[in-house]
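Read off the chains here:
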Amino acid sequence: MNSALLRDCRICPRECGINRFSETGFCQAPAELKINLAQLHFGEEPPISGTRGSATVFFSHCNLRCVFCQNYLISREGHGHTISETDLVDLFFALEEQGAHNLNLVTPTHYSPQVQSALELAKSSGLKIPVLWNSSAYEKVETLRRLEGLVDIYLPDYKYAHKIYAGKYSHAADYPIVALAAIKEMYRQVGNLQLNDEALAERGILIRLLVLPHSLAGTKKSLNAIYDEFGTNMALSLMAQYYPAADAYRYPELCRGIEPGEYQEVVELALELGFKRVYVQQLSSDDLWTPKFKSSDSTMTINHCQK
Ligand code: SF4
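These numbers were taken from a predicted model, which means no experiment stands behind them.

Draft legend 1. Local environment of the overall build of the chain. Counting secondary structure elements, the chain contains 10 helices and 10 strands. Here the C-alpha atoms of the chain give a radius of gyration of 18 Å, agreeing with the 19 Å that 2.2 N^0.38 yields for 307 residues. Along the first, second and third principal axes, the C-alpha atoms of the chain reach 50 × 50 × 35 Å. Sequence-distant contacts in the chain: of pairs separated by 6 or more residues, those separated by 24 or more amount to 72%.

So, in structure tokens, the structure goes:
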């Protein structure tokens, strides 16, 4: 592992410039790898979950820290346990043996150097299933370039089209521009989504767009930007699973799920633009899709929006 990258950490666009071995930056992540859950997951898009599940490995902490994050127990509060690179590789093989269709690395950006080493070891030792990089897309192009040849499928979010909301909810006003550049690099590496004979993803990119209440994510603007940049062969997942979590209760406009009309408008625009592969969800305003993360703090309080 290239530990120099952690001694002056500029792995992500935050460019904290701190020594991860002795201090923490915006993401709060230490130098050691830290994960929460590793399990077969059946709630991803059909070509990802298939019938035998996707082997999700959820990394603790996050470099985006959205105020409404549904994975806040691990992303914002950092629950999890440290794990060595070699133990992580053993875990990859154990999950492959359980029959997983793919290895799904969830929010790995802030551990890119460690995960790169683990993937190099795993692939040279015979890991066969495709590797997915499941991220917020708030990533630097140079960091993604180091993953070329190690990642088979990119599963980036495109969270915000408007810098005002990216700044307000994720302290990242540059998100729309940075994420689009990151997705372009992902696309350069792996191209459009390719499915095998069993309709399972084996290579390519699938962009996720989480619809927020009151069109705060700017999903229609995002769809137009994706159309202009990549055309209609880009695979999309339109996500309806927003519900208020974490600090959303501090923002009245975030204190409800999305309404059927808000979601329908987005689906209709994607179809009007002619996108050929669009995955949709049933509307859900609870935590149906959220994994049950392990928390070491049984006294933790959770603030809810008022009903
Ligand atoms: S990975 Fe974390 S410490 Fe490093 S630049 Fe990004 S937010 Fe800062």
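Draft legend 2. Main features of the site of the ligand. Contacts to the ligand come from Cys9, Ile11, Cys12, Arg14, Glu15, Cys16, Arg20, Gly25, Phe26, Cys27 and His110. Its residues assigned to classes, the shell around the ligand comprises six nonpolar, two polar and three charged.

Draft legend 3. Up close: the pairing of strand S1 (residues 34–41). The pairing of S1 with strand S3 (residues 81–82) spans two bridges and is antiparallel. Bridge pairing links Ile35 to His81 in S3. Bridging between S1 and strand S2 (residues 54–59) involves five bridges; their strand directions are antiparallel. Its bridge partner lying in S2, Ala38 is registered against Val57.

Draft legend 4. Layout of the pattern of salt bridges. For the structure on display, the rule yields 17 salt bridges. Of the charged contacts in the structure, one is a salt bridge between Glu44 and Arg208, with a shortest N-O distance of 2.5 Å. Pair noted here: Glu44 is in the loop between S1 and helix H2 (46–49) and Arg208 is in strand S8 (residues 201–210), with a separation of 164 residues, a long-range link. Here Glu44 and Arg208 have matching classes, each one buried. Arg145 is paired through a salt bridge with Glu185; the nearest N and O atoms lie 3.8 Å apart. Remark: Glu185 occurs in helix H8 (residues 175–190) and Arg145 occurs in helix H6 (residues 141–145); sequence separation between them is 40 residues. Classification of Glu185 as buried rests on a relative accessible area of 5%.

Draft legend 5. Representation of the pairing of strand S5 (residues 131–135) in the model. Most of S5 sits out of view: five of its five residues are buried. The alternating pattern of S5 places Val131, Trp133 and Ser135 on one face and Leu132 and Asn134 on the opposite face, and all of these are buried. Sheet topology places strand S4 (residues 103–106) next to S5; four bridges connect them, and they run parallel. Its bridge partner being in S5, Val106 is matched across the sheet by Asn134. Once the chain exits S4 it traverses helix H5 (residues 112–124) before rejoining the sheet at S5, and the crossover so formed is right-handed.

Draft legend 6. Representation of the environment of Pro260 within the structure. With respect to the helices and strands, Pro260 occurs in helix H10 (residues 260–273). The exposed category is assigned to Pro260, whose relative accessible area is 57%. In this structure, the C-alpha to C-alpha distance between Pro260 and Ala240, residues 20 residues apart in sequence, is 9.1 Å.

Draft legend 7. Region of the structure containing the layout of surface pockets. Each pocket or cavity is described by its volume, and for the largest pocket that value is around 810 Å³. Every element with two or more residues in the lining of the largest pocket is listed here: S2, helix H3 (72–75), S5, S8 and strand S9 (235–239). Here the lining of the largest pocket is built from residues that sort into 17 nonpolar, 14 polar and six charged.

Cut-offs used in this document
Residues numbered from 1 in each chain as written. Predicted model: local features only at pLDDT ≥ 70, side-chain atom pairs only at ≥ 80, totals over all residues. Heavy atoms only, no water. Helix = DSSP H or I, 4+ residues; strand = E, 2+ residues; numbered from the N terminus. Rg over C-alpha atoms; globule rule 2.2 N^0.38 Å. Contact = heavy atoms within 4.5 Å. Near = heavy atom within 4 Å. Nonpolar A, V, L, I, M, F, W, Y, C, P; charged D, E, K, R; others polar. Pairing = 2+ DSSP bridges. Salt bridge = Lys/Arg side-chain N within 4 Å of Asp/Glu carboxyl O. Buried < 20%, exposed > 50% of the residue type's maximum accessible area, 1.4 Å probe, protein only. Right-handed = clockwise from strand over helix to strand, strands pointing away. 1 Å grid on protein atoms, 1.4 Å probe; cavity = no way out; pocket = protein on both sides within 12 Å on 5 of 7 lines; lining within 4 Å. Points joined across faces, edges and corners; volume = space filled by probe spheres on them.

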